[in-house]
Every structure is written in structure tokens, then in C-alpha cells.
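Okay, here's what each chain looks like letter by letter:
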Amino acid sequence: MTTTTAHESGSAPAHPSWRDRPAAQQPDWPDPRRLAEVTGELAGLPPLVFAGECDVLRERLAAVARGEAFVLQGGDCAETFAGATADAVRAKLQTLLQMAVVLTYGASVPIVKIGRLAGQFAKPRTRPTESRDGTELPVYRGDAINGVEFTAQARTPDPGRLLRAYHCSAVTLNLCRAFATGGYADLHQVHAWNQDFVSRSPAGQRYERLAREIDRALAFMRACGADPEELRAVELYSSHEALVLDYEQALTRCDSRTGLMYDTSAHFVWVGERTRDLDGAHVEFASGISNPIGVKIGPDAKPGDVLALIARLNPAGDPGRLTLITRMGAGRVRDTLPPLISAVIAEGIDVPWICDPMHGNTFEAPSGHKTRRLRDVVDETGGFFEVHRSLGTHPGGIHIEFTGDNVTECVGGSHEIAADDLYQRYETACDPRLNRSQALDLAFTVAEYYQG
Ligand code: PEP
Ligand code: CO
């Protein structure tokens, strides 16, 4: 991560404007006094990221909008408190770094690396409750809100969890910063990231061949007397869905350099498909912060909806400010995406377009597991590239859910996982994630698509 000085100071307004709007997907906190205590405490805690870092990411995303860079955004669907360990975070970074190397080398384009981590602790849900064997309890909304176990106690929203979410985010971000700049992400370590189970998979072996080519290139450069600093560290950013507005607000601070408000819970936050109502609280909140932000766009979005969101969230037309993350589904992307892109180009607006090939492709396997086919994920990504190529726009990146572990949550891949295997290591707290070798399979394919 880049280092900039802390300039944050000042507190947010006592009654931010989003509080006058309907806020979807908020937990039903049983004890509002405790919530006020917690948000008061959070408001006094240090920022997790600095405004200057957010500004650098905004510049990187402007380069993506210009067609000069590509975004790799990924991590868990839902992080868990138990997952904030050095091993788990390292494994996720390994996946991100390996994918980034495949994309940088294969597509010859700078990769903007954004982790879906260090804050991704809250989930929008389709239904407010869950029933099992005749018992109905509040649905699990992420570790920041309640516990995943199916008991009345665990499922009762507890504001104290917001503080734990903050501390787990801080721990995770600290690990990321250390891994990114402390030598682990040095390109000379390109082989070291390909360890354990993944090195035995076909994707891992393909990666090994690529790593050997990189080694040779590095040796050649060294022999020529070039050993650039840029290879020793990576720039890595954090992101999550800005869902629980009391939490995001408590971390929103005034940047004393500029007088602008930044949500210091992450470098990049996005508004989800279920909360992007133009008149709702989430869009209002996002309009008031100066971070680079994203909005998820699903298959039912109309060109007018997208233009209205752009007008609300990026009135100045700053190309790095608002990223559109489309998640259409493999079967619909080729029909639903073109009218949206055409409408945006007709207005002369530049935005980074990113493909989330996960959330439109979830289905239930016969075993009852929520899953996704790697084939569909690849197909939606392919459709995204085709559509952008045919309209002359830049396919700006991918947004995916993965883990560093050898889980069996999505089916397919060069190291095939069948529907009957899903029970073996199904560990996600929410949506099914690609395992490391499936994530690498996808990276190789995306690199090919990018080259055209
Ligand atoms: C998510 O990214 O986990 C998510 C819930 O996505 P969407 O808002 O696109 O459904
Ligand atoms: Co998800």
C-alpha cells in the first residue's frame, strides 16, 4: 500500500443526510443505546485508511477508465472474525498475487489490486429470517452483525460486533500492508506463492511455467544492471460493501487537507445490487464521501437507472470516482450489458467497467449447497469482453469471490470439482468462492481474453 501522512481530523455532521432516507438491509438492533455507545467509540478510533491513499486509488481507477490498466478485485464473500489470522490472510493474498502475476504477464497491462477484505463483514440478504425444522430466527447478516450458528442468541444482532469488525479489519489490513511491502510480495518470490495443493493442480503447473519465464526475465534484467524498486512491493487496496451505514458513518472523517469527507473504513466501498435505490440511504451516503466507489449493476437495471446513478454519484464526471460493477449472469450478459454501455458512451462519460461473474451465476446443487459453475463464471467474463470489444469500450477488470484454501464450493476447473464433491470442504459463511486453483484457471483465461 502507498504511504501517506495522516491528515484526517474532525468529525462527521451530527445528522448526516442519509438518515432521512430509507435504509434497506439494516439489522434490527435490539438495543439502540448500545448501538449509540458503539458508534461513539468507533468514531473516536483511528482511521483504517488515509484519504491520500484513497486519492491514489482514484487515480489508478482513472487509468482503468482510460483503458490503461485492469482491476483485479477479489476476496471472500463474507469475511469472518475467525478468518482474521496470518495464515488465512496470507493464503488470500497468495491467490491475489498469483492471479495478478498471470494477468500482468499474460495481458501485459498494469493490474490495480483491490482486496475484498479487511472490512467485508456484513451481507445483504434476500429474506430477513431463516427457518429450520419449524424454528424461525433472524438470518445471518455477517459477523459484523450476528453469529452464523442457528441459535436465538447467536442470531440476535449485537452492536458489539461492529467493534470486533473494526479490530479484525485493522488486523487484516496490518497483515496486508506487511505482506505487500515487507518482502513477501517481491516479484522475486513468484515461485514461493505457488505452494501446497495448488502447485499440483494443472493451473498451478501452468503457473510454474510462467513463473520460470518471469525468473529468466528478472535474471536478464539484473544482468543488464536493472533491478527496479517497483518489483519489490505491490500496491494493494482494501474494499467492502458499504452496507451497515451506522458503521460506515462512524468511520467517516473530514480530511483536513481538503475539507472533504472520506469513509476511512476502506479505500474503496461499493453499493450493492439490493441497496442501490436512487432515493435510498446507501446512495445518499456514497454521494457524500470522496473515496473511489462502486455500484453493482444487475440484469434488471435500465439505461436510465445507470445514468441517474452516475449523475448522483459522479456529478463532476471524474473518471476514477465511480466504478460500475456489472453482474448479469452468463446467460444474460450479452443482451443486458450493451444497452447500458451504449447509454453511458452516448453521454460521453468515462467509467471503469468491471465484471462480477459470480453473483448472477449462483444456483442450488442437488445436495442443497449454494454453488456456481466455473464454466458460467468464465462464460460471463467472456461475454463481458465480447460486448466491450464490440462497442469499443475498455473491459476494465474483474470482481470475484475467492479464498486461498482448497475449498470445494464452486464446481468445475482444470482440477475438476464435481457437484458430488461439494460437501467435502464447503466452508463459506455466505456465497460459494473459487478455490485457489479455480481462481488461477480464471486468471489464465482472462489474460487470454484481454489479449483478444
Ligand atoms: C456481494 O458482492 O457479495 C453481493 C451481495 O453482491 P450483489 O450486491 O451484486 O448481489
Ligand atoms: Co457474495
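Keep in mind the model is a prediction, meaning the values are calculated, not measured.

**Q** What am I meant to see in the overall build of the chain here?
**A** Along the backbone of the chain there are 13 helices and 15 strands. Across its three principal axes, the chain shows a C-alpha extent of roughly 65 × 55 × 45 Å. By the burial criterion, 58% of the 452 residues in the chain qualify as buried. Once local pairs closer than 6 in sequence are excluded, the contacts in the chain between residues at least 24 apart make up 77%. Surface summary for the chain: the accessible area is close to 17600 Å², and the carbon and sulfur share equals 51%. Counting 46 positive and 59 negative side-chain charges, the chain places the centres of these two groups 1 Å from one another.

**Q** Help me understand the site of ligand 1, please; the structure alone is not making it clear to me.
**A** For ligand 1, the full set of nearby residues is Cys77, Arg116, Lys123, Pro124, Trp270, Gly272, Glu273, Arg274, Lys296, Arg327, His359 and Glu401. Within the contact set of ligand 1, an oxygen atom lies 2.8 Å away from a side-chain nitrogen or oxygen of Arg116. Here an oxygen atom of ligand 1 sits 2.7 Å away from a polar atom, N or O, in the side chain of Lys123. Against a free-state accessible area of 300 Å², the protein chains account for coverage of 97% of ligand 1. Considering only residue class, the shell around ligand 1 consists of three nonpolar, two polar and seven charged.

**Q** Just to check I follow, could you spell out the coordination of the cobalt ion (ligand 2) for this structure?
**A** Six octahedral donors around a metal ideally sit at 90 or 180 degrees from one another, while four tetrahedral donors ideally sit at 109.5 degrees. Surrounding the cobalt ion (ligand 2) are the protein donor atoms Cys77 (SG), His359 (NE2), Glu401 (OE) and Asp431 (OD), which sit 2.1 to 2.4 Å from the metal. Counting the intervening residues between successive donors of the cobalt ion (ligand 2) yields the motif C-x281-H-x41-E-x29-D. Here the residue Cys77 occupies a position in the loop between β2 (70–75) and α3 (86–107), and His359 occupies one in the loop between β12 (353–355) and β13 (363–364), the gap between them amounting to 282 residues. Comparing Cys77 with His359, the two get one shared label, buried.

**Q** Which parts of the structure should I look at to understand the sheet that holds β12?
**A** Think of a sheet as strands paired side by side through backbone hydrogen bonds, with each pair either parallel or antiparallel. Spatial ordering of the closed barrel is given by β2-β3-β6-β9-β10-β11-β12-β15, a layout of eight strands whose pairing is parallel. Strand-to-strand, the axes of this sheet are offset by a mean angle of 30 degrees, without reference to chain direction. In the sheet, strand β3 (residues 111–115) pairs with strand β6 (residues 236–241) via three bridges, with the strands oriented parallel. Directly across from Ile114, in β6, lies its bridge partner Tyr237. Here helix α11 (residues 333–346) sits on the sheet in contact with β10 (293–297), β11 (322–326) and β12, set at roughly 165 degrees to β12.

**Q** Explain the pattern of salt bridges here, please?
**A** Pairing between side chains of opposite charge can happen when their charged atoms approach one another. For the coordinates displayed, the defined rule picks out 31 salt bridges. Between Arg21 and Glu284 there is a salt bridge; the shortest N-O distance is 3.3 Å. Taken together, the residues Arg21 in the loop between β1 (8–9) and α1 (32–43) and Glu284 in helix α9 (residues 281–287) connect sequence positions 263 residues apart. On the basis of relative accessible area, Arg21 is assigned to the partly exposed category, the value being 30%. Among the ionic pairs, Arg372 bridges to Asp431, the shortest N-O distance being 3.2 Å. Residue Arg372 is found in the loop between β14 (370–371) and α12 (374–391), and its partner Asp431 is found in the loop between β15 (395–401) and α13 (436–451); the two are separated by 59 residues along the sequence. When its relative accessible area of 0% is taken as the criterion, Arg372 is described as buried. Via salt bridges that share partners, Arg116, Lys370, Arg372, Glu401 and Asp431 belong to a single interconnected network.

Cut-off values and rules
Residues numbered from 1 in each chain as written. Chains lettered and ligands numbered in written order. Predicted model: local features only at pLDDT ≥ 70, side-chain atom pairs only at ≥ 80, totals over all residues. Heavy atoms only, no water. Helix = DSSP H or I, 4+ residues; strand = E, 2+ residues; numbered from the N terminus. Buried < 20%, exposed > 50% of the residue type's maximum accessible area, 1.4 Å probe, protein only. Contact = heavy atoms within 4.5 Å. Areas by Shrake-Rupley, 256 points an atom, 1.4 Å probe, with all protein chains shown as cover. Lys, Arg positive; Asp, Glu negative; His and termini not counted. Charge placed at Lys NZ, Arg CZ, Asp CG, Glu CD. Near = heavy atom within 4 Å. Polar contact = N/O pair within 3.5 Å; in protein donor to acceptor, adjacent residues only side chain to side chain. Nonpolar A, V, L, I, M, F, W, Y, C, P; charged D, E, K, R; others polar. Donors = N, O, S within 2.8 Å, 3.2 Å for Na, K, Ca; no water. Pairing = 2+ DSSP bridges. Axes fitted to C-alpha atoms, helices over the stretch in contact; angles between N-to-C directions. Salt bridge = Lys/Arg side-chain N within 4 Å of Asp/Glu carboxyl O.

This is a description of form; function is not addressed.
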